[in-house]
Amino acid sequence: MNTIAVAIDGPSGAGKSTIARAAAKSLGFVYVDTGAMYRTIGLAVSRQGIAIGEPEKVLPMLTDSLRIELSYDAEGVQHVLLCGEDVSPLIRTPEMSMYASFVSAIPEVRAFLLEAQRSMARTHNVIMDGRDIGTVILPDARVKIFLTASAQARAQRRLIELREKGEDVTFDEVLSDMEQRDRQDAERAAAPLRQAEDAVLLDTSELTLEQSIDAVLALIRTAGEEKK
Ligand code: DC
């Protein structure tokens, strides 16, 4: 099957997952949230009582018995399963964000997830979001978008999201966590966050969610026309 892949990368809080999910729904593509896979490994690691900063203790966990699967419900919403358990509600906490950033810097963890991500794109039309999709995972993606926004705008959006979930956090805490994660994700040696040379930069600081979704859909359609 000849599949179409759209890669969306960018820093945390740029709106990647909300925008990618909506665009995928509108196009009938599968949305693959690769950050959820790193978060799930982070959860498994924290459940083992391993502290952030102990990568050597993570390595023995990377075996077939660490089963991470994505499944989709009738509405097309992605759920992530850790050894069969739906952990989707457990991975969106500030603590798991930090664990995900920690494990994602370990090259062996990235290698562990690479094939699962590529195989999704071989078998489905996908919109895949992450940090290294356009640069490493799907270098031949039909469309590559680097989605960003100012740190202030991203922290403000993340604050609203966390408060809606009942997390008791301040703007300054969210901003400082986000800046720390951005630094870690961009400065790590293994597949650091960066814009692919052939990716289109889309800054959503001044855009509403609807405008951002429209902009992404327009980029995908334009790329589709150019290929004809
Ligand atoms: O997109 P997110 O906030 O759910 O990602 C969680 C962490 O995982 C983030 O710190 C960066 C990392 N990540 C990554 O290194 N590569 C990806 N493809 C996706 C996420």
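Right, let's walk through the structure included here. (Residues numbered from 1 in each chain as written. Predicted model: local features only at pLDDT ≥ 70, side-chain atom pairs only at ≥ 80, totals over all residues. Heavy atoms only, no water.)

### What to know about the site of the ligand
Threshold: Near is defined per residue: the residue qualifies when any heavy atom it owns lies within 4 Å of the molecule or strand. Any N or O atom pair separated by 3.5 Å or less is treated as a polar contact, with the protein-specific requirement of one donor-capable and one acceptor-capable atom, and with residues adjacent in sequence counted only for side-chain atom pairs. All accessible areas in this document rest on Shrake-Rupley with a 1.4 Å probe, and a residue is counted as covered only by the protein chains that are shown. Helix numbering and strand numbering both begin at the N terminus, where a helix is a DSSP run of H or I of at least 4 residues and a strand a DSSP run of E of at least 2. Nonpolar residues are Ala, Val, Leu, Ile, Met, Phe, Trp, Tyr, Cys and Pro. Charged residues are Asp, Glu, Lys and Arg, and all others, Gly as well, are polar.
Within the structure, the ligand sits among 16 residues, and Thr-34, Arg-39, Arg-110, Arg-131 and Arg-188 are positioned closest to it. At a separation of 3.3 Å, an oxygen atom of the ligand approaches a polar side-chain atom of Arg-181. Here an oxygen atom of the ligand and a side-chain polar atom of Asp-185 are 3.0 Å apart. Coverage of the ligand by the protein amounts to 96% of the 450 Å² it exposes when considered alone. Elements represented by at least two residues in the shell around the ligand include exactly helix H2 (34-47), helix H4 (94-104) and helix H8 (171-187). Ranked by the residues each element gives to the shell around the ligand, the list is headed by H2, at four residues. For the shell around the ligand, a count of residues per class yields three nonpolar, five polar and eight charged.

### Side note on the pairing of strand S3 (residues 68-72)
Applicable threshold: Strands were regarded as paired on the criterion that DSSP finds at least two bridges between them.
Note that S3 and strand S4 (residues 78-82) share five bridges and pair antiparallel. Within S4, the position partnered with Tyr-72 by the bridge is Gln-78. Adjacent in sequence and paired antiparallel, S3 and S4 are bridged by five residues, among which Gly-76 carries a positive phi angle near 80 degrees.

### A few points about the environment of Ile-4
Here is the rule we go by: Relative accessible area decides the class of each residue, using a 1.4 Å probe on protein chains only: under 20% of the type maximum gives buried, over 50% gives exposed, and in between gives partly exposed. Residues are treated as being in contact if the distance between any of their heavy atoms lies within 4.5 Å.
Inspection of the secondary structure assignment puts Ile-4 in the segment before strand S1 (5-9). Relative accessible area serves as the criterion here: at 23%, Ile-4 is assigned to the partly exposed category. In this structure the C-alpha to C-alpha distance between Ile-4 and Gly-15, which are eleven residues apart in sequence, comes to 22 Å. When neighbours within four sequence positions are excluded, Ile-4 is seen to be in contact with Phe-29, His-124, Asn-125, Val-126 and Arg-142.

### So, the sheet that holds strand S5 (residues 85-86)
Sheet strands line up and pair through hydrogen bonds in the backbone, either parallel or antiparallel. If you walk across this open sheet you meet the three strands as S3-S4-S5, and the pairing is antiparallel. The sheet is open, and its two borders are formed by S3 and S5, each paired with just one other strand. Pairing analysis gives two bridges linking S4 to S5, with the strands arranged antiparallel. Each residue of the ladder has a partner; that of Leu-82, found in S5, is Glu-85.

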